[in-house]
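# Architecture at a glance
This is what each chain is made of:
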Amino acid sequence: MSVVNDLVKGVVDAVLGEILRKPKRTRRATRRRKTLTATERLRRIEKLLKPARKKTSRRKSTATRSAPQRTRVKAKTRTLKRSFRRGAATRKRRASA
């Protein structure tokens, strides 16, 4: 009985020791920036030299929206406005009335 007990105890101790031992940390390789080719460098320079596009007005961007997108945006703004109408703003109004 004690031989089996010692055998089981030894196996359990070995397994627990294996599980509880901290894994060895491996060193991470340092990342280096890849050098750009001549054409990539030229493209980046050209992009910086090119003037930025003018910002389109909100009215113009709204007019160009597709129908499903229009309904999506409308629903989003509706919920936003509704959330503004709730809370402290409505409580103040009720208190003064």
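This write-up is about the structure you can find in this document. (Residues numbered from 1 in each chain as written. Predicted model: local features only at pLDDT ≥ 70, side-chain atom pairs only at ≥ 80, totals over all residues. Heavy atoms only, no water.)

## What to know about a positive patch on the surface
Our working rule: Think of a patch as exposed residues, more than 30% relative accessible area, with no salt bridge, where like charges cluster within 9 Å and nonpolar side chains (Val, Leu, Ile, Met, Phe, Trp, Tyr) cluster within 5 Å. Calculation of accessible area relied on Shrake-Rupley with a 1.4 Å probe; when residues are assessed, cover is drawn exclusively from the protein chains displayed. What makes a salt bridge here is a side-chain nitrogen of Lys or Arg within 4 Å of a carboxyl oxygen of Asp or Glu, nothing more. Neither His nor the chain ends contribute to the count of charged residues, in which Lys and Arg are positive and Asp and Glu negative. In this description, the location of a charge corresponds to atom NZ of lysine, CZ of arginine, CG of aspartate or CD of glutamate. The secondary structure listing takes helices from DSSP runs of H or I that are at least 4 residues long and strands from runs of E that are at least 2 residues long, numbered from the N terminus. The classification of residues rests on relative accessible area computed with a 1.4 Å probe and restricted to protein chains. Under 20% of the type maximum is buried, over 50% is exposed, and intermediate values are partly exposed.
A cluster of basic side chains, namely R33, R44, K47, K50 and R53, defines a positive patch on the protein surface. By secondary structure assignment, the location of R33 is in the loop between α1 (2-20) and α2 (38-49). For R33, a relative accessible area of 82% translates into the label exposed.

## Digging into a nonpolar patch on the surface
A grouping of V4, L7, V8, V11, V12, V15, L16, I19 and L20 is seen on the molecular surface, where their side chains present a nonpolar patch of about 860 Å² in accessible area. Locating V11 in the fold gives a position in helix α1.

## Considering α2
In an α-helix, one turn spans 3.6 residues; hence positions three or four apart end up facing the same way. Just so we agree on the cut-off: Multiplying 1.5 Å by the residue count of a helix minus one yields the expected span of that helix.
Here α2 contains twelve residues, and its C-alpha end-to-end distance of 17 Å stays within 8% of the 16 Å for a straight helix at 1.5 Å per residue. With respect to burial, α2 is a largely exposed element, only zero of its twelve residues being buried.

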